[in-house]
Amino acid sequence: MSDAHPLVHWQENGQSRSAPWHGDSRQSPPTHILPLAQTSTEHTRQQLYAGHALLWRGDYHQGKQLLGALKKRVRSQAKPMPDIHRHRLQQLQHSRLFAGLLLEVGPGWRLGNRRAPDVAAALADVYGKTNLQPFLLPFNHLLGMVGAHEWHRRGVAIDALGGDRIHVPYGVFSPLRGEYLDLVAAAPLPSQIETAWDIGTGSGVLAAILARRGIRQLIATDTNPRAVVTARANLARLNLTAQTTVCETDLPPAGQADLIVCNPPWLPLKAGSDIEAALYDPGHSMLHALLQQAPARLRPGGELWVVMSDLAEHLGLRPADALSQWFAAAGLRVVGRLDTRPRHAKATDQHDPLYPARSREITSLWRLAR
């Protein structure tokens, strides 16, 4: 296991214990850990709110039920927060709270809890090598890894790829919102195009769509090592490696391109977990860096495609005319725009605290040129 995981300590059965903590890197490791094999939902809630982490030693399925009951109680008692900043603060608080129920994973990815399932394949999918020493893992994270492993195995069918599947492991953003993929599949390509770049490729799905459209040379980049491995695997599975290259970098490739495509994070807020980095980006820093560099990196007649939702505008996080002003300030002009409405469940869920904003959301592909 990686040395980057902090070591945590606790007392159990009169002995001092310690193990690496495999929680989210954006959250602090627990400082007070209490082992227990049975408890009530209310006692669990009180202990977690008091800042104690609980190391579950009881029956696995009872622990899973306890976590579900805890989530239900905490969320039912929470006040709706239509203000996005308070809503996000509440989300982050709940995330830290739910991460306080822990499991110990032993060598070989085994759980010592009674009736525990075999999670070895799911954990090996995340960590990529044999586990030789015990470590502590939030129960909530384990459930996410098990679910993601099944999604990784089955894949997500992509209409824009003719129903072919993209396989996404835990820790890489999954392309479940298909409407923005359809925009990339439908937008008219520049008249003379041989090269394209996909900046922040993630699963590689946009690179695959562009390659299927006949672009001869395509470079996809990402800063997440797992995303790079995932994109390479997906492109290989789709027989697209001859025309695609995937690089781990936060810089655009050398030279110029006929087309640069980017689907940056849509909300200018702080990410609360590693996976949320695909959704949240304070100050739209990735978008601003892209706009500053793109004009000099486009060939004559080339285009920059930016896929963005206007949800930030409806939440009061960005002025309605900000994107147009930023494009102009970077020396870019709008040559076309394709719009679509979201099709995900939250867009129609009137009980969602952010429904007034989500119900008006439009996702756009902006076609920009020098």
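Anyway, here's the lowdown on the structure attached to this text.

1. Some remarks on unusual backbone geometry
Leaving glycine aside, a negative phi is the common case for residues, and trans is the common case for peptide bonds.
And then number 1: Of note in this structure, Asn13 is not a glycine but carries a positive phi near 55°.
And then number 2: As for its placement among the helices and strands, Asn13 is situated in the loop between β1 (7–12) and β2 (15–20).

2. Description of the packing of aromatic side chains
And then number 1: This structure, assessed with the given rule, holds six aromatic pairs.
And then number 2: With a centroid separation of 5.2 Å and an interplanar angle of 40°, the aromatic rings of Tyr60 and Phe139 are classed as tilted. Of this pair, Tyr60 sits in helix α2 (residues 60–77) while Phe139 sits in helix α5 (residues 139–154), and the two are 79 residues apart along the sequence.
And then number 3: With relative accessibility at 0%, the residue Phe139 sits in the buried group.
And then number 4: Between the aromatic rings of Trp109 and Phe135, the centroid separation amounts to 6.2 Å while the plane-to-plane angle is 80°, which identifies the pairing as edge-to-face. Taken as a pair, Trp109 in the loop between β5 (101–106) and β6 (110–111) and Phe135 in strand β7 (residues 135–138) lie far apart in primary sequence, 26 residues in all. Both residues of the pair, Trp109 and Phe135, count as buried.
And then number 5: In this structure an aromatic cluster arises from ring pairing among Trp109, Tyr127 and Phe135.

3. Things to note about the sheet that holds strand β16 (residues 363–369)
And then number 1: Overall, mixed pairing links the seven strands, which are arranged β12-β11-β10-β13-β14-β16-β15 in an open sheet. Strands with a single pairing partner mark the edges of an open sheet, and in this sheet they are β12 (244–248) and β15 (333–340). This sheet shows a mean twist of 15° between the axes of neighbouring strands, independent of strand direction.
And then number 2: By the bridge criterion, four bridges tie strand β10 (residues 195–199) to strand β13 (residues 257–262) in an arrangement that is parallel. When the sheet's bridge partners are listed, Trp197 is paired in β13 with Ile260.
And then number 3: Docked against the sheet, helix α6 (residues 179–186) engages β14 (298–309), β15 and β16, running at close to 30° with respect to β16.
And then number 4: On top of the sheet, helix α9 (residues 285–297) reaches β10, β13, β14 and β16; it is set at about 165° to β14, its chief contact.

4. A few points about the packing of α2 against α5
And then number 1: For the pair α2 and α5, interaxial distance at closest approach is 11 Å and the crossing angle is 105°. Our classification of the angle between α2 and α5 gives roughly perpendicular. Facing Tyr60, Gly63, Lys64, Leu67 and Lys71 of α2, the residues of α5 in contact are Phe139, Asn140, Leu142 and Leu143.

5. Topic: the pairing of β10
And then number 1: Extensive coverage of β10 is indicated by the burial of five of its five residues.
And then number 2: Of the two faces of β10, the one lined by Thr195, Trp197 and Ile199 and the one lined by Ala196 and Asp198 are each fully buried.

6. Examining the pattern of salt bridges
And then number 1: Tallied over the entire structure, the rule returns 17 salt bridges.
And then number 2: The partner of Glu42 in a salt bridge is Arg73, and the shortest N-O contact between them spans 3.0 Å. Here Arg73 lies in helix α2 and Glu42 lies in helix α1 (residues 41–49), a separation of 31 residues in the sequence.
And then number 3: You can call Arg73 partly exposed: its relative accessible area is 31%.
And then number 4: Note that Asp352 and Arg358 form a salt bridge whose closest N and O atoms lie 3.5 Å from each other. Of the two residues, Asp352 and Arg358, both sit in the buried class.

7. Here we look at the environment of Phe135
And then number 1: Looking at Phe135, the relative accessible area reads 0%, which means it is buried.
And then number 2: Remark: the alpha-carbon pair of Phe135 and Asp159, spanning 24 residues in sequence, is separated by 40 Å.

8. Description of the state of the cysteines
And then number 1: Evaluation of the coordinates by the stated rule reveals zero disulfides.
And then number 2: Summary of cysteine pairing: Cys247 is not part of a disulfide, and the nearest cysteine sulfur, belonging to Cys262, is at 15 Å.

9. Describing α1
And then number 1: Buried within α1 are the following residues: Thr41, Thr44, Arg45, Gln47 and Leu48. The buried residues of α1 occupy one face: seen down the axis, they fall within an arc of 165°.
And then number 2: Looking at the buried residues of α1, the elements they touch are β3 (33–36), β4 (53–56), α2, α3 (84–98) and β5.
And then number 3: Within two residues after α1, Gly51 carries a phi angle of roughly 95°, on the positive side.

Calculation rules
Residues numbered from 1 in each chain as written. Predicted model: local features only at pLDDT ≥ 70, side-chain atom pairs only at ≥ 80, totals over all residues. Heavy atoms only, no water. Helix = DSSP H or I, 4+ residues; strand = E, 2+ residues; numbered from the N terminus. Phe/Tyr/Trp six-rings, centres within 6.5 Å; stacked < 30°, edge-to-face > 60°. Buried < 20%, exposed > 50% of the residue type's maximum accessible area, 1.4 Å probe, protein only. Pairing = 2+ DSSP bridges. Axes fitted to C-alpha atoms, helices over the stretch in contact; angles between N-to-C directions. Contact = heavy atoms within 4.5 Å. Parallel < 35°, antiparallel > 145°, perpendicular 65-115°, else oblique. Salt bridge = Lys/Arg side-chain N within 4 Å of Asp/Glu carboxyl O. Disulfide = S-S within 2.5 Å. Arc of directions from axis to C-beta.

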